[in-house]
Amino acid sequence: MTITINDSYLTPFQYIFDEDTLLTFNTISLNDDSSAIVTVILTFDSNDGTFTLDPTATGLSITTYTDTNTNITTVTFSGSLANVNNALIGSTFNPNTHYNGNTTLNLSVSSSVDDGLGNITTTTLVQDITLVITAVNDDPVLTPTSALLVKEGEANVVFSNAQFGLFDPDIT
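What this report covers is the structure whose coordinates are included nearby.

Conventions we followed
- Residues numbered from 1 in each chain as written.
- Predicted model: local features only at pLDDT ≥ 70, side-chain atom pairs only at ≥ 80, totals over all residues.
- Heavy atoms only, no water.
- Pairing = 2+ DSSP bridges.
- Helix = DSSP H or I, 4+ residues; strand = E, 2+ residues; numbered from the N terminus.
- Axes fitted to C-alpha atoms, helices over the stretch in contact; angles between N-to-C directions.
- Buried < 20%, exposed > 50% of the residue type's maximum accessible area, 1.4 Å probe, protein only.
- Core = buried A, V, L, I, M, F, W, Y, C linked by side-chain atoms within 4.5 Å.
- Contact = heavy atoms within 4.5 Å.

## Brief notes about the sheet that holds strand 10 (residues 101-114)
- Taken in spatial order, the six strands make up an open sheet running 2-11-10-5-8-7, and their pairing is mixed. Looking along the sheet, the strands with just one partner apiece sit at the ends: strand 2 (14-18) and strand 7 (61-66). Strand-to-strand twist in this sheet, taken as the mean axis angle between neighbours without regard to direction, amounts to 15°.
- In this structure, strand 10 lies alongside strand 11 (residues 120-134), joined through 14 bridges in antiparallel fashion.

Set out below in C-alpha cells:
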C-alpha cells in the first residue's frame, strides 16, 4: 500500500496556500489491492480549521470526534479502496478566518486484504501532511460607531479610533 500525492508542490506531503482560502485535495490517492478494505484515521487541530470529506462520496462508514480539552479532531472513515479514494480526492481543508501558520493533518491508513483462503493481511502506514497557510494583508475595516459632531468654528477637534470603529484584522 502507498499514499501518493501527484502535484506540482516542491515538497511531497506539503501544501502551501493563503489564509482564508479553501484547499481542495484533488491529488491524494491510496494505491493498494483493489479488493482492500481501507480504514483512514485523520487527526488535526480544529483550532486551525475544518476538514471535510467530499460530500458526494458514498459507501463509507464515517465517525468524527473532537476532544473538547485539546480541540484535536479525529475523522475515521472506511470502505473499499475506490470509495476511500473518491472521498479523499474531493476533500477540503478550510482554515479558520484569518488563521495563518503551519498545521498538520496526520493520516493513518490501514488496509486489509483477504488472500482468498481466509487469511487477512493488514498493512498500516502513517503520513503527516503539512499545511503552510500564508498570511495575506487584510484590508482594515472602518465602521463609525457613533455620530461625529463638530461645532462650527471649533479649532482643535480630536477624534479617537473608537469613534471611527477602526479595526485591522491583521493586528490582534
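## Here we look at the pairing of strand 6 (residues 49-52)
- On strand 6, burial follows the alternation: Gly49 and Phe51 on one face are buried, whereas Thr50 and Thr52 on the facing-out side are not.
- Of the strand pairs in this sheet, strand 6 and strand 9 (residues 91-95) are connected by four bridges, and their pairing is antiparallel. Residue pairing across strands places phenylalanine 51 opposite phenylalanine 93, the latter belonging to strand 9.

## Some details on the nonpolar core
- Ranked by size, the top nonpolar core spans 29 residues in total, and within it Phe25, Phe93, Leu105 and Leu131 carry the most contacts.
- Where this core is concerned, the elements lending two or more residues are strand 2, strand 3 (23-25), strand 4 (28-31), strand 5 (37-45), strand 8 (72-80), helix 1 (81-89), strand 10 and strand 11.
- Contact partners of leucine 131, with chain neighbours within four places excluded, come to Tyr15, Phe17, Leu23, Phe25, Phe93, Gly101, Asn102, Thr103 and Leu105.

## Remarks on unusual backbone geometry
- Located in the positive-phi region is aspartate 20, a residue other than glycine, with phi close to 60°.
- Along the chain, the position of aspartate 20 falls in the loop between strand 2 and strand 3.
- Exposure remark for aspartate 20: the relative accessible area of 36% places this residue in the partly exposed category.
- Located in the positive-phi region is histidine 98, a residue other than glycine, with phi close to 65°.
- Secondary-structure assignment places histidine 98 in the loop between strand 9 and strand 10.

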